[in-house]
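Secondary and tertiary structure notes
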Amino acid sequence: MYRNDSERLKSYKTLMSSIMDPNDSMAENKKIAIIMHVPASYGGGGFYEIKTMSNLLSTHGFDIHIYEPFSSTHPNINSHTVYRDYDSTALKFLKSVGKPGLFPPILDIHLESHYDIVYTFSPFYFLFIYKNRAYLRKIKKVVISTKDLLFPETFSKRILRYLTILFYKLINLENMEIHNENLIENELLSRLNMRMYVAPIPPDTNFSDCNFETNNVYTILFLGTIEKRKGADILFKILNKFRNNRDIQFKIAGKISKEYEESAKNISSENIIFLGEISEHQKEVLLFKSDLGMMLSLTESYSLVTREMLLHGLPVLTTWKYASKIFGEFGILVSERSVNALYLNINNLMNKWLSSRGKYNEWRCEILKEYNDRMRKDNMERQFLSIFDI
């Protein structure tokens with residue numbers, strides 16, 4: 001028995017010193033600043049990634065500071081993650097004109113602490129990196145994510161990509177590294193002559209059981225924000241083609257942007273259902289209960305929606321031309337970006353389901369097993385954590 005609190009504390013310190021090497025880097029948490037271009041409260045894929053990343057790093061000895069712009073609410077992640085707001089003039093202007101999703105080069109961010117690693121959630125921080133290069137040279141690692149940099153569909157985006165690459169070459173920090181989400185990015189950015197990691201965000205879980213339900217109608221699932229860059233323009237044209245077909249049902253889950261609120265209201269019916277924002281549990285139920293996933297986004301570097309669908313054994317119809325190159329051809333049908341092409345592909349897949357629902361579910365089970373074997377959570381976590389070795 002201890003005679004007082006002082007003796008109890010002394011005994012505790014002796015015990016801890018015997019089991020923890022004071023030179024061990026895990027004895028004291030490392031600190032990482034993660035700089036985001038949109039607030040975590042916007043939700044969607046960005047919040048999923050930052051949450052997964054923070055939870056994984058916090059269990060491996062990191063304290064995480066998330067720097068984000070103009071946010072009034074901060075979604076809780078874990079006890080090792082705190083938020084720091086920064087005041088960006090460029091982002092404020094874009095928000096005022098209704099374009100908060102655009103990602104301009106950011107300059108005005110003040111880091112409030114000393115960090116072991118600074119990680120940018122987008123490549124468009126070259127002005128911030130240049131301004132703070134003296135400080136950044138002293139820390140252990142600067143990691144630049146290539147998110148939103150590659151696969152440009154317009155001339156202006158292509159020019160921006162090359163200018164961004166040029167800026168990073170000119171800044172020339174020896175401790176700067178590049179985080180790519182796929183091998184295509186790795187090849188395109190090889191000219192930077194910097195160390196590169198190819199490591200997507202790991203999945204939450206893997207599945208082995210094919211718990212599919214047989215629907216009365218062919219059910220198609222669209223997951224994502226209902227906005228133009230996610231393919232909402234062509235989505236509504238497809239919905240209009242099938243609006244009177246009672247053999248098919250569309251379920252659309254995601255926040256509807258103001259631009260499409262009226263269109264969604266007008267086209268909603270028994271077979272076209274807008275679910276709005278949904279919980280993780282609701283999403284998992286939908287993924288197992290649907291028969292086909294649609295991914296119509298124009299620009300992605302690594303589509304988490306496509307991966308989720310494949311891991312749940314859901315075949316994916318997509319207009320994203322890089323899908324099969326990144327994930328593989330099995331279970332993925334890449335279509336031309338036209339209403340007629342998508343219409344024909346949907347009808348062909350629906351006829352396959354109508355001819356034999358049992359065989360269709362067997363195909364789904366093969367998809368589930370193929371991608372869960374290929375994308376093991378534990379392997380992908382080790383791969384992802386290697387980015388933050390210091």
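Residues numbered from 1 in each chain as written. Predicted model: local features only at pLDDT ≥ 70, side-chain atom pairs only at ≥ 80, totals over all residues. Heavy atoms only, no water.

1. Remarks on the overall build of the protein chain
When you go through the protein chain residue by residue, the secondary structure sums to 15 helices and 13 strands. Taking all 390 residues of the protein chain together, the buried fraction comes to 49%. Approximately 19500 Å² of the protein chain is accessible, and the part contributed by carbon and sulfur atoms is 50%. (Helix = DSSP H or I, 4+ residues; strand = E, 2+ residues; numbered from the N terminus. Buried < 20%, exposed > 50% of the residue type's maximum accessible area, 1.4 Å probe, protein only. Areas by Shrake-Rupley, 256 points an atom, 1.4 Å probe, with all protein chains shown as cover.)

2. Some thoughts on the sheet that holds strand β13 (residues 332-334)
On the basis of which strands lie adjacent, the open sheet formed by six strands has the order β10-β9-β8-β11-β12-β13 and parallel pairing. Of all the strands in the sheet, the pair left with one neighbour each is β10 (272-276) and β13. Within the sheet, the average angular offset between the axes of one strand and its neighbour, ignoring direction, is 20°. Across three bridges, strand β12 (residues 316-318) lies against β13 in parallel orientation. Opposite L317, over in β13, you have L333 as the bridge partner. (Pairing = 2+ DSSP bridges. Axes fitted to C-alpha atoms, helices over the stretch in contact; angles between N-to-C directions.)

3. Re the sheet that holds strand β7 (residues 196-198)
Strands sit in the order β3-β2-β1-β4-β5-β6-β7 across an open sheet of seven strands; the sheet is parallel. Two strands lie at the open edges of the sheet, namely β3 (81-86) and β7, each paired on one side alone. Looking at each pair of strands side by side, their axes are set apart by 20° on average, direction ignored. Across four bridges, the pairing between strand β1 (residues 30-35) and strand β4 (residues 117-120) is parallel. Its bridge partner lying in β4, I34 is registered against Y119. Packed onto the sheet, helix α2 (residues 44-58) meets β1, β2 (62-69), β3 and β4 and runs at close to 160° relative to β2. (Contact = heavy atoms within 4.5 Å.)

4. Section: the pairing of β1
Among the six residues in β1, five count as buried, and that is most of the element. Here six bridges tie β1 to β2, and the two strands are oriented parallel to one another. Each bridged residue has a counterpart across the sheet, and for I32 the counterpart in β2 is I64.

5. A look at the state of the cysteines
Considering all chains together, one arrives at one disulfide under this definition. Shown here is the disulfide that connects C210 with C365, its sulfur atoms set 1.9 Å apart. Disulfide C210-C365: the torsion about the S-S bond is 80°, which places it as right-handed. Residue C210 is located in the loop between β7 and β8 (218-223), and its partner C365 is located in helix α14 (residues 357-374); the two are separated by 155 residues in the primary sequence. Looking at C365, the relative accessible area reads 17%, which means it is buried. (Disulfide = S-S within 2.5 Å.)

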